[in-house]
Amino acid sequence: MATITRENIGLLNEKIVVKVAKDDYISSFEKTLKNYSKTANIPGFRKGMVPSGMIKKMHGQAVFTDEVLRTVEKELSNYMANEKLEIFAQPLPLPENDARSIDMNNPAEYAFAFEVGLKPHFDLPDFNKEIAKRYKVIADDEMVEKEVERLQMRHGKMTEPETVTGDDNVLNVSFIEMDDQGNEKEGGIRKDNSLLVKYFTESFRQQLIGKKKDDVLTATLSDMLTGKEKEWVLQDLGIELHDASADNKNFRMLITKVGLVEKAALDDAFFKTSYPQSNIADETSFRSAVKEDIEKYWEGQSRNHLQHEIYHLLVEHTHIDFPESFLKKWMQNGTEAPKSQQEVEAEYPVFVNQLKWTLITDKIMRDQSIEVGAEDIKSFARKQLTGYMGMNTVDTEQPWMNDYVTKMMQDKKFVEDAFHRIQTEKVFEWAEKNVPTEEKVISADEFASILKEHEHHHH
């Protein structure tokens, strides 16, 4: 009968030794060998008529070794199930194990040792000690006016005047990097772009008035652009935002096209184009819909920010011990692509943080009896499809929709990804109801600054 011993070798780190005797594996070995002789294909013998002695001589040792190791694995698995051991990853065989000692001609007791990392018990932080900010952005008249104008431009008619006349002109341009002698820089940047005249600096805009197709202007990026507009162009040109040399780069800007959008009129046709699902009949109702959309957008951003805050509250304020030694060994040797010790040390902090969040999520799901069922995943598939197709309202029970959902439910990768995304959403829904929040009304610019600072702080 197999015997199993267990000893602690570190924090949440244990060594399990499985000893199997001859009686534990010999009958299964003989049965497997017998079945092997029935199916073996060996020239000169009819199938099923190969002498057992020949089979044992040819394949016996390999079959014997496999049966011993399979018995060890089965006993280890049964032991962990009976003891209700919750472990990370898989048991790691220890170097002292030597399968070469397994000898078919001398059946004996064999011992194999494994190292396991145990999952810890822990408590979530006291939510009442933390208050998260829930920001609320109110769309003011200026924001509504800008969005109305954007929609008018988006649905307006593009014309091609001969010259630049003002801020609303659209310019198709080519940015060409120049060297100190005023020639195109060899291997330099050359990129096409499209910009509104009003995006340029005030002094540069004055130089653009009266310009036409094929005209050229030369200046540094800092002379042409500033603020967010400059950041957009830098990114488009492939220049790092914090590159100190960026401001001094000289560019020739070739105008390849002058355009002007004639704004759409605030009439029934425009209202219908902008909001096809609504019955907007006048400008007041239209502006109310725009205001609602803006606030809905910022409400989504606010919820995302709150969830980020809750995530960091949970991860940073939940104390969890980990079997660090075991996890690093598993990272190094337990995966398909072995890692160097240096790689493990560099990746461990991010790895253990992700592991921590997984444990927290699992605990909340278990303690709060939160479940993700097949219907949740089907609903996720439907919403994903309607989102891809840009459909706000659609009969989700149409045959083609059901066919799509049935197909996706057979896609293992999709189901796993959907499960984790739904699980995360449900955990945050629970947390939002249990973490005390304080609402603060804030401007869009202030909130954008908070988001930027938050991103910088956590990355």
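As shown above, the structure is provided for reference.
Small disclaimer: the values here were computed from a predicted structure and weren't measured.

Caption draft 1: Seen up close, the pattern of salt bridges. The full count for this structure, using the stated rule, is 31 salt bridges. Among the salt bridges present, the one from Glu145 reaches Arg287, with a minimum N-O distance of 3.0 Å. Residue Glu145 is found in helix α3 (residues 141–154), and its partner Arg287 is found in helix α8 (residues 283–317); the two are separated by 142 residues along the sequence. The exposure class assigned to Glu145 is partly exposed, which follows from its relative accessible area of 35%. A salt bridge links Glu177 to Lys249; the shortest N-O distance between them is 3.5 Å.

Caption draft 2: Local environment of unusual backbone geometry. Despite not being glycine, Leu12 has its phi angle at roughly 55°, a positive value. Relative to the assigned elements, Leu12 resides in the loop between β1 (3–10) and β2 (13–20). For Ser369, which is not a glycine, the phi torsion comes out positive at approximately 55°. Secondary-structure assignment places Ser369 in the loop between α10 (341–367) and α11 (374–388). What makes Ser369 exposed here is its relative accessible area of 62%.

Caption draft 3: Highlighting the packing of α10 against helix α13 (residues 412–434). In contact at an axis separation of 10 Å, α10 and α13 are set at 70° when each is read in the N-to-C sense. Overall, the two elements α10 and α13 adopt an arrangement that is roughly perpendicular. Between α10 and α13 the crossing geometry is left-handed. Across the interface between the two elements, Trp357, Thr361, Asp362, Ile364 and Met365 from α10 touch Gln423, Val427, Phe428 and Trp430 from α13. For the contact of α10 with α13, the per-class residue count stands at six nonpolar, two polar and one charged.

Caption draft 4: Main features of the environment of Asn13. With respect to the secondary-structure elements, Asn13 resides in strand β2. Residues Asn13 and Phe200, spaced 187 residues apart in sequence, show a C-alpha to C-alpha distance of 62 Å. The contacts of Asn13, once residues within four sequence positions are left out, are Glu7, Asn8, Glu115, Val116, Ser325 and Phe326.

Caption draft 5: Structural context of the packing of α8 against α13. The N-to-C vectors of α8 and α13 enclose an angle of 85°; their axes lie 10 Å apart at closest approach. Taken together, the axes of α8 and α13 are roughly perpendicular relative to one another. Contacts from Arg303, Leu306, Gln307, Ile310 and Tyr311 in α8 reach Glu425, Phe428, Glu429, Ala431 and Glu432 in α13. Here the residues of the contact of α8 with α13 are counted per class, giving five nonpolar, one polar and four charged.

Caption draft 6: Local environment of the side chain of Ser302. Mapping Ser302 onto the fold places it in helix α8. Residue classification places Ser302 among the buried residues on the basis of a relative accessible area of 5%. Engagement of the side chain of Ser302 in a polar contact is seen with the backbone oxygen of Tyr135, the distance being 2.5 Å. The residues contacting Ser302, other than those within four sequence positions of it, are Arg134, Tyr135 and Phe447.

Caption draft 7: View of helix α1 (residues 22–39). In this model, α1 (18 residues) spans 26 Å end to end at C-alpha, consistent with the 26 Å of a helix rising 1.5 Å per residue. Every buried residue of α1 is listed here: Tyr25, Ile26, Ser28, Phe29, Leu33 and Ser37. Contacts from the buried residues of α1 go to β2, α2 (52–82) and β4 (110–117).

Caption draft 8: How the structure looks around the pairing of strand β7 (residues 169–178). Most of β7 sits inside the fold, with nine of its 10 residues counted as buried. Both β7 and strand β10 (residues 250–262) contribute to a ladder of 10 bridges, which runs antiparallel. Note that in β10 the partner of Phe175 across the bridge is Met253. Two strands pair when backbone bridges link them, and β7 and strand β8 (residues 190–196) are joined in this way by seven bridges, in the antiparallel orientation. What sits directly across from Ser174, in β8, is Asp192.

Caption draft 9: Region of interest: the packing of aromatic side chains. This model, assessed by the stated rule, comprises 20 aromatic pairs. Ring centres of Tyr199 and Trp232 lie 5.7 Å apart, and the angle between their planes is 75°; this geometry places the pair in the edge-to-face category. Highlighted residues: Tyr199 in the loop between β8 and α4 (202–208) and Trp232 in helix α6 (residues 227–237), separated in sequence by 33 residues. In this structure an aromatic cluster arises from ring pairing among Tyr25, Phe29, Phe64 and Tyr110.

Caption draft 10: Representation of the sheet that holds β2 within the structure. Within the open sheet, the four strands sit side by side as β1-β2-β4-β3. Their pairing is antiparallel. The sheet is open, and its two borders are formed by β1 and β3 (92–93), each paired with just one other strand. Sheet topology note: the β1/β2 ladder contains seven bridges and is antiparallel. Within the sheet, the bridge partner assigned to Gly10 lies in β2 and is Asn13. Its contacts with the sheet put helix α9 (residues 324–333) on β2, β3 and β4, and the angle it makes with β4 is roughly 105°.

Procedures and definitions
Residues numbered from 1 in each chain as written. Predicted model: local features only at pLDDT ≥ 70, side-chain atom pairs only at ≥ 80, totals over all residues. Heavy atoms only, no water. Salt bridge = Lys/Arg side-chain N within 4 Å of Asp/Glu carboxyl O. Helix = DSSP H or I, 4+ residues; strand = E, 2+ residues; numbered from the N terminus. Buried < 20%, exposed > 50% of the residue type's maximum accessible area, 1.4 Å probe, protein only. Axes fitted to C-alpha atoms, helices over the stretch in contact; angles between N-to-C directions. Parallel < 35°, antiparallel > 145°, perpendicular 65-115°, else oblique. Left-handed = near helix turned anticlockwise from the far one by under 90°. Contact = heavy atoms within 4.5 Å. Nonpolar A, V, L, I, M, F, W, Y, C, P; charged D, E, K, R; others polar. Polar contact = N/O pair within 3.5 Å; in protein donor to acceptor, adjacent residues only side chain to side chain. Expected span 1.5 Å × (residues − 1). Pairing = 2+ DSSP bridges. Phe/Tyr/Trp six-rings, centres within 6.5 Å; stacked < 30°, edge-to-face > 60°.

Everything listed here is a matter of geometry and, on its own, says nothing about what the molecule does.
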